[in-house]
Amino acid sequence: MANISLDCEERKKSMMTNEHKKFPDSATCIDESNYPNALTYGKIYQVIAWDEEKHQIKIESDNKKKRWYHRGYFDFTGKTVPTLKKILQYDSLEDINDWIEVTIELSDGQLRWCIFITPELLKKQEKTAFSKSEALLHYDNPHIIIVSVLSKKVIELSLNYIEAHGSLLASTKSLE
């Protein structure tokens, strides 16, 4: 019984609350992927407690529940996280024979660019053939996003999904 009590005391020491002030006051969400109804990408949350041992922070989430989240979902530098402000330009969605180029603007003023393509259209692109039935279709282009259908709705939903998972910068190229 004494060991259990000692373990609880050690655990309490590894957890800090606001009165200790040994951790950041706020945390910016950089990945809402597993908690879409509780966290919002780019939102700043007040840190209530910090668990060093479990690498977790306690916050009040969007659904007004106070709970623990892994610190990997947050940035603690105090900087704002660029978020998708608007989609500025699409290539024509009328006669699609190739891919669609999309330009976006982020909340910090960055202009970024990416390409949307379907697997079927990707197969039609120039390729390096290894034999009649084997070919290299695509590599080393993280700004190419492959979707099932090329439509304004799918492009918007895809960009929002990629942003919520913290990968919008990695999935687009800077135009500056």
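Residues numbered from 1 in each chain as written. Predicted model: local features only at pLDDT ≥ 70, side-chain atom pairs only at ≥ 80, totals over all residues. Heavy atoms only, no water.

A. Just the overall build of the protein, in detail. When its secondary structure is counted, the protein shows three helices and 13 strands. The contacts of the protein with a sequence gap of at least 6 include a subset with a gap of at least 24, amounting to 51%. (Helix = DSSP H or I, 4+ residues; strand = E, 2+ residues; numbered from the N terminus. Contact = heavy atoms within 4.5 Å.)

B. Quick peek at the environment of Tyr161. In this structure, Tyr161 sits in helix α3 (residues 152-164). In this structure, the C-alpha to C-alpha distance between Tyr161 and Glu32, residues 129 residues apart in sequence, is 9.6 Å.

C. Layout of the pattern of salt bridges. One pass over the full model with this rule turns up three salt bridges. Across the salt bridge formed by Lys43 and Asp62, the nearest N and O atoms sit 2.9 Å from each other. Of this pair, Lys43 sits in the loop between β2 (26-29) and β3 (44-51) while Asp62 sits in the loop between β4 (56-60) and β5 (66-70), and the two are 19 residues apart along the sequence. For the salt bridge of Lys85 with Glu105, the shortest nitrogen-to-oxygen distance reads 3.7 Å. On the criterion of sequence distance, the pair formed by Lys85 in strand β7 (residues 84-90) and Glu105 in strand β8 (residues 100-106) is long-range, its members being 20 residues apart. (Salt bridge = Lys/Arg side-chain N within 4 Å of Asp/Glu carboxyl O.)

D. A look at α3. For α3, built from 13 residues, the straight-helix expectation of 18 Å at 1.5 Å per residue is met to within 8% by its first-to-last C-alpha distance of 18 Å. When we look at burial in α3, the residues that qualify are Ile155, Ser158, Leu159, Ile162, Glu163 and Ala164. Of the surrounding secondary structure, the elements contacted by the buried residues of α3 are β7, β8, β9 (111-117) and β12 (144-146). (Expected span 1.5 Å × (residues − 1). Buried < 20%, exposed > 50% of the residue type's maximum accessible area, 1.4 Å probe, protein only.)

E. How the structure looks around the nonpolar core. Core analysis: the biggest nonpolar cluster contains 17 residues, and Val102, Ile104, Phe116, Ile145, Leu159 and Leu168 have the highest contact counts within it. Those elements that place two or more of their residues in this core are β8, β9, α2 (119-124) and α3. The biggest single contributor to this core is β8, with four residues. If sequence neighbours within four positions are ignored, Leu168 has contacts with Leu84, Ile104, Leu106, Leu159, Ile162 and Glu163. Within the second largest apolar cluster, 13 residues are counted, among which are Ala27, Cys29, Tyr45 and Ile59. (Core = buried A, V, L, I, M, F, W, Y, C linked by side-chain atoms within 4.5 Å.)

F. A look at the pairing of β4. Alternating residues of β4 divide into Ile57 and Ile59, all buried, and Gln56, Lys58 and Glu60, none buried. Note: β3 against β4, four bridges, orientation antiparallel. Each residue of the ladder has a partner; that of Trp50, found in β4, is Ile57. The turn joining β3 and β4, which pair antiparallel and follow one another in sequence, is formed by four residues; a positive phi near 60° is taken by His55. In the sheet, β4 pairs with β5 via five bridges, with the strands oriented antiparallel. Bridge pairing in β5 places Ile57 opposite Tyr69. (Pairing = 2+ DSSP bridges.)

G. Broad picture of the environment of Val147. Along the chain, Val147 falls in the loop between β12 and α3. Distance in space between the C-alpha atoms of Val147 and Ser158 is 8.1 Å, their sequence separation being 11 residues. Sequence-distant contacts of Val147, that is, excluding residues within four places in its chain, are made with Phe116, Ile117, Thr118, Pro119, Val154 and Ser158.

H. The packing of aromatic side chains, seen in detail. Per the counting criterion, the structure on display carries six aromatic pairs. Pairing Tyr35 with Tyr69 gives two aromatic rings, centres 4.9 Å apart and planes at 90°, and the pair type is edge-to-face. Of this pair, Tyr35 sits in the loop between β2 and β3 while Tyr69 sits in strand β5, and the two are 34 residues apart along the sequence. Owing to a relative accessible area of 1%, Tyr69 belongs among the buried residues under this scheme. Relative to Phe74, the ring of Tyr45 has its centre 6.2 Å away and its plane inclined at 85°; by these criteria the two rings are edge-to-face. Highlighted residues: Tyr45 in strand β3 and Phe74 in strand β6 (residues 74-75), separated in sequence by 29 residues. The burial state of Tyr45 is the same as that of Phe74; both residues are buried. A network of ring pairs unites the aromatic residues Tyr35, Tyr45, Tyr69, Tyr73 and Phe74 as a single cluster. (Phe/Tyr/Trp six-rings, centres within 6.5 Å; stacked < 30°, edge-to-face > 60°.)

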